[in-house]
Amino acid sequence: MFYINDDIFFNYNDVASDILNSFINYPLAQQRIRYQNQKIINFDYHYFELMSLMRIQRMMIPENFNSNYFSEKIYNLIEKYYDKFNSYSIDIKIVCSEVITNKKVFPKINSLIKLEEIKNLSYSDKSYQVDIYRERFISNNHFTFIGERDEIINSSMVYSYENKFNDVFLIDNEKKVVRSSKGSVFFIYRNKVVTPLNNFRDLNTSIIERLFEKLNKNTEYEFSQESVSLFDVLKANEIFIFDLVGGIYSVKSYKKRKFEVSETQKIHPLIINSVLDL
């Protein structure tokens, strides 16, 4: 079950072809949100992020597109068709309904809201090997990244599977670490936890900003967003990946470098509990 605009559908075959084509062919603004413990995590920040992306894409924002418009639809889907005690990944996607022309600069938009059942946020310290994805660089520019993000992430995931890695680091045109194919990367340097600082807005951006704001007030660790070079990767004591859908994964090896997990084992409950409290 999913929403297209204001209607609930059970099958994509029932959706008009022009609407489906709009999600393939036209500019896209999207957010991925987690639902757990009977609430939408960090919803207000995701909402403002979505509106910001729509403005950047020069989309028309309908007057009824307030936060309640989206939250009510999500809770309505869960109440009618899902188990409210489970956890879900929620995708919200907004596209232009037709091609932009000089006569129609701001066409109407189409929206999609869909849910997928997922496990509760968890931590894994199983074997997790990563490499660098060098076939394509991410331009460290917000506008470029919006258009390239999914394409680069998908191709990097194929690379990791083909080469028997669990994950790969994505780097920008200055060879600084941006993220991994699966999520945000965190580097631990003794009591300092660093995630790459970038100029674009990623799907986890709003979560990370609020998470750091919260953790810096309540833990013995210092959390910050900083530029991370490939050399900085090798200097880290530990590395872990945060995926809003899958959870936290400890990186065990990169190149010939092996990493410990002891600090990550201490930190991960703080992160998971803080995320769920956002």
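Higher on the page you've got the structure.
Quick summary incoming for the structure in this document.

The rules we used
Residues numbered from 1 in each chain as written. Predicted model: local features only at pLDDT ≥ 70, side-chain atom pairs only at ≥ 80, totals over all residues. Heavy atoms only, no water. Helix = DSSP H or I, 4+ residues; strand = E, 2+ residues; numbered from the N terminus. Rg over C-alpha atoms; globule rule 2.2 N^0.38 Å. Contact = heavy atoms within 4.5 Å. Areas by Shrake-Rupley, 256 points an atom, 1.4 Å probe, with all protein chains shown as cover. Phe/Tyr/Trp six-rings, centres within 6.5 Å; stacked < 30°, edge-to-face > 60°. Buried < 20%, exposed > 50% of the residue type's maximum accessible area, 1.4 Å probe, protein only. Lys NZ or Arg CZ within 6 Å of the ring centre and 35° of its normal. Pairing = 2+ DSSP bridges. Lys, Arg positive; Asp, Glu negative; His and termini not counted. Salt bridge = Lys/Arg side-chain N within 4 Å of Asp/Glu carboxyl O. Polar contact = N/O pair within 3.5 Å; in protein donor to acceptor, adjacent residues only side chain to side chain. Axes fitted to C-alpha atoms, helices over the stretch in contact; angles between N-to-C directions. Expected span 1.5 Å × (residues − 1). Core = buried A, V, L, I, M, F, W, Y, C linked by side-chain atoms within 4.5 Å.

In this section: the overall build of the protein chain. For the protein chain, the count of helices and strands is seven helices and 17 strands. Its C-alpha radius of gyration of 19 Å places the protein chain within 12% of the 19 Å reference for a compact globule of 278 residues. When its C-alpha atoms are laid out on the principal axes, the protein chain stretches across 55 × 40 × 35 Å. If you take every contact in the protein chain between residues at least 6 apart in sequence, the share linking residues at least 24 apart comes to 68%. For the protein chain, the accessible surface area stands at approximately 13,800 Å², while carbon and sulfur atoms represent 46% of it.

Applying the stated criterion across every chain, the model contains 19 aromatic pairs. A centroid spacing of 4.8 Å and a plane angle of 5 degrees characterise the contact between F186 and F240, whose relative ring orientation is stacked. Of this pair, F186 sits in strand 11 (residues 184-189) while F240 sits in strand 14 (residues 238-243), placing them 54 residues apart in sequence. You can call F186 buried: its relative accessible area is 1%. Owing to a relative accessible area of 1%, F240 belongs among the buried residues under this scheme. Grouped by ring-pair contacts, the aromatic residues Y47, F48, F65, Y69 and F70 constitute a single cluster. The aromatic ring of Y3 is capped on one face by K73, whose charged end is 5.1 Å from the ring centroid.

Of the strand pairs in this sheet, strand 7 (residues 123-124) and strand 15 (residues 247-250) are connected by two bridges, and their pairing is parallel. By the bridge assignment for strand 15, Y123 is matched with I248. Here strand 14 runs beside strand 15; their pairing, made up of four bridges, is antiparallel. Note on strand 15: the bridge partner recorded for F240 is S250. Between the end of strand 14 and the start of strand 15, which pair antiparallel, lie three residues.

Here the focus is the pairing of strand 12 (residues 192-196). Most of strand 12 is tucked away, with four of its five residues classed as buried. Joining the antiparallel neighbours strand 11 and strand 12 is a turn of two residues, in which R190 adopts a positive phi near 55 degrees. Judged from the five bridges that link them, strand 12 and strand 13 (residues 222-226) form a sheet pairing that is parallel. Note on strand 13: the bridge partner recorded for T195 is Q225.

Tracing the backbone through its elements, the reader meets D243 in strand 14. For the buried D243, no salt bridge exists, and the shortest N-O distance to an oppositely charged side chain is 6.1 Å, to R32. A distance of 3.0 Å separates a polar atom in the side chain of D243 from the backbone nitrogen of G246. Those residues in contact with D243, other than ones at most four positions away along the chain, are L121, K182 and Y249.

Once that is clear, we can look at the sheet that holds strand 3 (residues 28-36). If you walk across this open sheet you meet the six strands as 2-1-6-5-3-4, and the pairing is antiparallel. At either margin of the open sheet sits one strand with a lone partner, and together these are strand 2 (7-9) and strand 4 (39-40). Sheet strands touched by helix 2 (residues 43-56): strand 3, strand 4 and strand 5 (87-96). Its angle to strand 3, the strand with the most contacts, is close to 175 degrees.

Once that is clear, we can look at helix 3 (residues 67-81). Along an α-helix, residues three or four apart share an orientation, since each turn contains 3.6 residues. Spanning 15 residues, helix 3 covers 22 Å between terminal C-alpha atoms, matching the ideal 21 Å at 1.5 Å per step. Turning to helix 3, its buried residues are Y69, F70, S71, K73, I74, N76, L77 and I78. Sitting at the head of helix 3, N66 places a side-chain oxygen 3.2 Å from the backbone nitrogen of N68.

With that settled, the discussion passes to the nonpolar core. Ranked by internal contacts, the top residues of the largest apolar core, which has 26 residues, are F65, F70, I74, I90, I92, I94 and I113. When contributions to this core are tallied by element, the ones reaching two or more residues are strand 3, helix 2, helix 3, strand 5 and strand 6 (109-118). Here this core gets six residues from one element, more than from any other, and that element is helix 2. Of all hydrophobic cores here, the second largest spans 24 residues; its members include I41, F186, I267 and V275.

Nothing here speaks to function; it is all geometry.
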